[in-house]
Amino acid sequence: MSATTNAMFLIEGEEWKAAVDGFEHAIDLVKFIRQQYGDYFSITVAGYPEGHPDGYLADKISYEEELANLKAKVDAGADVIITQMFFDVDLFLKFVKKCRDAGIMVPIVPGILPLMSYNGFQKMTGFCKTAVPPELSEALEQVKGDDAAVKDLGIRYGVDMCRKILKSGLCPGIHFYTLNTENSVMAMVDALGFVSSTEAIRSLPFRKSTFDPRRTERVRPIYWANRFKSYLFRTTNWEKYPEIQWTNGAARMFLDPPKENILNNVDATPEAAKKLLEHYGELDSIAAVQAMFAKYYSKELANFPWCEKDGLYEQASLLKSQLLWMCKLGLLPINAQARANGIPSSDPVLGWGAKNGLVYQKAYVEFFAPKDQLEALIESAKEHPTVSISALSSQTDTIVPKTMDFATAATWGVFPNHEILQPWVLDPVSFKAWSDEAFGIWRSLAIHYGLGSTSSKTINRVADTYYLVSMLDNDYAQGDIFKVIAESIRN
């Protein structure tokens, strides 16, 4: 056990069966930990506002007996109670008061689970035997066919729940069940004002992994800025992760992209194909493909194949008009970052890292382009020595033009009493690995639309004939990367 572990949440697993001479209930484990380790660990146990699914709710014991069991866990040494999910706030507040009347005086933290999908909600509430207030049930029925609307309802309902709970003064805070989908939780956190909107709180521009071998990782290729999970998967075989600089890029081996979720967990089924068609529309012409990209950057589409999160990726919001302009030109952007020259590390949009630091960014844009436009762009860039371009097609592994031989920093930060950090880099080996994935998304999209369909043929045409272009302007002080693109169009 790690020497830094000093808190435990003790809960019973699904289909729990006690081992011979083993622990039968959570209280047994609470007692064991206190006997063996004293007060070293903070212990949290579960509470059930509506009753345990296999206890009171199964008519096996009374509600009063459940409260007595909970008190016994607290008396044995539990410090905190986190509750099972619920959707009836009044019922939860009554539970807290009943606990206090029973002599249970430790903090009781409500467990809040945001709604993610109609079917998932029905499954979870059925399994846990959770009561659903009529107003929530009615609202869900009205939007059950629209996943985005269900998520939005879940966020609004969850925020209202949290506000009512916090206003009661009976609880010290909120415990969110993310179930590996943090977007809705973070939307609720923002709406509740839990995080300052005037100061950055990120240690890095990307979310750090909690996996022990890569906790100290602080450098990544910018290509995966919007596909965090994919990058983690493709680098799971690495023995060491870069901390200060990106070194030995040529020696790094990336795993193949996860084919089963390259389209962000969209299954290759007729139902999935129908949903894709409803979401993106027919992609039966190059103009239709351009329109799909433009709809994403206009916020008309909730998600995008090259971005794992719903909504616009963070930097795209700063460059929305420029990226829309590129779509109209026939260039298809999938990643970008704005130029930044000495932005305070506390900036709520671009800031990251320690206090009183300065953040720098080179303008970067990544997009798919037909060969003639790429050639014009390369010619235009010759008049701008600070601009570097790298491009790959799905038909070759040769980068053109050969302007990037080594890793190049795209983002860096300078902080008091700390070495310079370079969290985002560009690297030729990584670019090749990423291009396989970027083009693979086109191929997967074509399969989902149905091989032989007009849309599938158009999508494969893009994958076969377009280049993936990485463009970086090293003049982070005064450069204008979009001016170079404009000149290439005029020429």
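Keep in mind the model is a prediction, meaning the values are calculated, not measured.

**Focus on the sheet that holds strand β4 (residues 108–112)**
Working step 1: Strands sit in the order β1-β2-β3-β4-β5 across an open sheet of five strands; the sheet is parallel. Of all the strands in the sheet, just β1 (7–10) and β5 (175–176) have a single pairing partner and so form its edges.
Working step 2: Where β1 lies against strand β2 (residues 42–47), four bridges are found, and the strand directions are parallel. Considered in β2, the bridge of alanine 7 is made with serine 42.
Working step 3: Across the sheet, helix α3 (residues 89–101) is in contact with β2, β3 (80–85) and β4; its angle to β4 comes to roughly 155°.

**Some remarks on unusual backbone geometry**
Working step 1: The phi angle at lysine 129 is positive, at roughly 60°, despite the residue not being glycine.
Working step 2: Mapping lysine 129 onto the fold places it in the loop between α4 (118–128) and α5 (134–143).
Working step 3: Of note, asparagine 417 is a non-glycine position whose phi angle comes to about 55°, a positive value.
Working step 4: Assignment of secondary structure puts asparagine 417 in the loop between β12 (408–414) and β13 (421–426).
Working step 5: In this structure asparagine 417 comes out as exposed when scored by relative accessible area, which is 84%.

**Let's talk about the pattern of salt bridges**
Working step 1: Within the structure shown, the criterion is met by 14 salt bridges.
Working step 2: Salt-bridge contacts for lysine 144 lead to glutamate 141; the nearest nitrogen and oxygen are separated by 3.2 Å.
Working step 3: With relative accessibility at 37%, the residue glutamate 141 sits in the partly exposed group.
Working step 4: Where glutamate 217 meets arginine 214, a salt bridge forms, and the shortest distance between an N and an O atom there is 2.8 Å.

**A look at the nonpolar core**
Working step 1: Judged by nonpolar contacts, the single largest core of 83 residues is most densely connected at Phe293, Tyr297, Trp306, Phe368, Trp442 and Met471.
Working step 2: The element that contributes the greatest number of residues to this core is helix α14 (residues 428–449), accounting for ten residues.
Working step 3: Residues within four places of tyrosine 297 in sequence aside, it is in contact with Phe304, Leu312, Tyr313, Ala316, Lys320, Leu323, Leu324, Cys327, Pro333, Ile334 and Asn335.
Working step 4: Counting 50 residues, the second largest nonpolar core, distinct from the first, contains Val30, Ile33, Ala76 and Leu113.

**Topic: the sheet that holds strand β9 (residues 358–361)**
Working step 1: As summarised here, the arrangement of the five strands in space is β6-β13-β12-β9-β8, forming an open sheet in which the pairing is mixed. Looking at strand neighbours, the two that pair on one side only are β6 (220–221) and β8 (340–344), the edges of this open sheet.
Working step 2: Strand direction decides the pairing type here: β9 and β12, joined by four bridges, are antiparallel. Paired with tyrosine 360 across the strands is tryptophan 412, a residue of β12.

**Some details on a nonpolar patch on the surface**
Working step 1: Nonpolar side chains collect at one region of the surface, where Phe23, Phe32, Tyr37 and Tyr40 lie side by side and expose about 410 Å² of accessible area between them.
Working step 2: Relative to the helices and strands, phenylalanine 32 is located in helix α1 (residues 26–37).
Working step 3: By relative accessible area, phenylalanine 32 is classed as partly exposed at 34%.

Each value, and the rule that gives it
- Residues numbered from 1 in each chain as written.
- Predicted model: local features only at pLDDT ≥ 70, side-chain atom pairs only at ≥ 80, totals over all residues.
- Heavy atoms only, no water.
- Pairing = 2+ DSSP bridges.
- Helix = DSSP H or I, 4+ residues; strand = E, 2+ residues; numbered from the N terminus.
- Contact = heavy atoms within 4.5 Å.
- Axes fitted to C-alpha atoms, helices over the stretch in contact; angles between N-to-C directions.
- Buried < 20%, exposed > 50% of the residue type's maximum accessible area, 1.4 Å probe, protein only.
- Salt bridge = Lys/Arg side-chain N within 4 Å of Asp/Glu carboxyl O.
- Core = buried A, V, L, I, M, F, W, Y, C linked by side-chain atoms within 4.5 Å.
- Patch = residues over 30% accessible without salt bridge, like charges linked within 9 Å, V, L, I, M, F, W, Y side chains within 5 Å.
- Areas by Shrake-Rupley, 256 points an atom, 1.4 Å probe, with all protein chains shown as cover.

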